[in-house]
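Letter by letter, the chains look like this.
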Amino acid sequence: MSEVIDIAVPAYADYVLDDLWRWRNEGLKTALLTLVAIGGSSPRPMGSQIAVAEDGRAVGAITGGCAEQALVRDALSAIARGHNHLERYGEGSRFRDIVLPCGSGIAVSFDVTLSDEVLAGLRTARQQRRETVYVWDGRFERLYRPQPRLLIVGQGPIVPLLAQMAGLSEFATAVVSPDDTTRERSRAEVIRPLRGASDSAITGLMDAATAVVSVFHDHDYEPEILSSALRSDAFYIGALGSRRTHARRIQTLKTLGFTERQTARLRGPVGLDIGAKTPPEIAVSILADVIRAWRA
């Protein structure tokens, strides 16, 4: 077994399952590490994971770099022994040389017996954007939510900036725009021209793990787009514009049959009120509000 330890942090933490699956198909033994308890502060949230292969490759993050080397070495030992176990690091740990920020302590589970069948089920649910649960030794449960997605419909400089920031924040991104330049400057998993907001190619992206943001200065496009969003399960819906513009927008939606309760889902002006003026600042305010809604 190699002692080479190669840590990589993926764009989205649940991608560890894909690497785990690929290493299994290469015939390698593996370990799945999960953060199951936090005492004090932690740079990574509960449920953060690292996948480790017996050749030393690893992907993911649990401590943000403070103890990843030690975690992978312990995972290699667990793989060699073939037994699951729970280990504590930081405060209250038997490892006095591993100190975590602010004197905190964490507990990490080491699973080296995860079956191919269970792993396949977890990956399939994630690919289908369904919630699913990973259970470790009947003691801990780790909920996998679908990757949050930001669907940006609009045009202009805010669109590519918002898409880039969302991608860096581990959101899946989709850009739909009638403008060639906007589409060319955007970097997203899905980029489409705007042919109609009722198009199933667009409405199919509006699930319960999706935020829909309309970024138009020409608001003629909005009624159909926002109508589709309000009929969806999107966890966040927002639209660019002033308070006066938003009041007119709400009135238009009411004439289309939407109730006050339904239009209350629509955030307008979109974004947190941070006094944003420039396109980058506006993109920051929008993404911050989307993250707030997702975490809530």
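Up top you'll find the structure we're talking about.
Treat the numbers as computed from the prediction; the structure is a model and nothing was measured. (Residues numbered from 1 in each chain as written. Predicted model: local features only at pLDDT ≥ 70, side-chain atom pairs only at ≥ 80, totals over all residues. Heavy atoms only, no water.)

Okay, a nonpolar patch on the surface next. A surface patch of nonpolar side chains, amounting to about 230 Å² of accessible area, comprises Val133, Val135 and Leu143. Within the secondary structure, leucine 143 is located in strand β8 (residues 140–144). With a relative accessible area of 44%, leucine 143 lands in the partly exposed category. (Patch = residues over 30% accessible without salt bridge, like charges linked within 9 Å, V, L, I, M, F, W, Y side chains within 5 Å. Areas by Shrake-Rupley, 256 points an atom, 1.4 Å probe, with all protein chains shown as cover. Salt bridge = Lys/Arg side-chain N within 4 Å of Asp/Glu carboxyl O. Helix = DSSP H or I, 4+ residues; strand = E, 2+ residues; numbered from the N terminus. Buried < 20%, exposed > 50% of the residue type's maximum accessible area, 1.4 Å probe, protein only.)

Glancing now at the packing of helix α4 (residues 158–168) against helix α10 (residues 279–295). For the pair α4 and α10, the least separation of the axes is 9 Å and the interaxial angle reads 45°. By the angle class used here, α4 and α10 are oblique. Of the two elements, α4 crosses α10, and the hand of that crossing is right-handed. Here Ile158, Leu161, Leu162, Met165 and Ala166 of α4 come into contact with α10, specifically with Pro279, Pro280, Ile282, Ala283, Val284, Ile286 and Leu287. (Axes fitted to C-alpha atoms, helices over the stretch in contact; angles between N-to-C directions. Parallel < 35°, antiparallel > 145°, perpendicular 65-115°, else oblique. Left-handed = near helix turned anticlockwise from the far one by under 90°. Contact = heavy atoms within 4.5 Å.)

Let's shift gears to the packing of aromatic side chains. Within this structure, the stated rule accounts for three aromatic pairs. A centroid spacing of 5.1 Å and a plane angle of 50° characterise the contact between phenylalanine 235 and tryptophan 294, whose relative ring orientation is tilted. Taken as a pair, phenylalanine 235 in the loop between α7 (222–230) and β13 (236–239) and tryptophan 294 in helix α10 lie far apart in primary sequence, 59 residues in all. The exposure class of phenylalanine 235 is partly exposed, given its relative accessible area of 23%. If you follow arginine 145 out to its NZ or CZ, it ends over the ring of tryptophan 294, 3.7 Å from the centre. (Phe/Tyr/Trp six-rings, centres within 6.5 Å; stacked < 30°, edge-to-face > 60°. Lys NZ or Arg CZ within 6 Å of the ring centre and 35° of its normal.)

Across residues other than glycine, the phi torsion is negative in most instances, and most of the peptide bonds are trans. In this chain, glycine 268 is followed by proline 269 through a cis amide linkage whose omega measures -5°. Tracing the backbone through its elements, the reader meets proline 269 in the loop between β14 (266–267) and α10. Phi at arginine 129 is positive, roughly 55°, even though this residue is not glycine. As for its placement among the helices and strands, arginine 129 is situated in the loop between α3 (116–127) and β7 (132–136).

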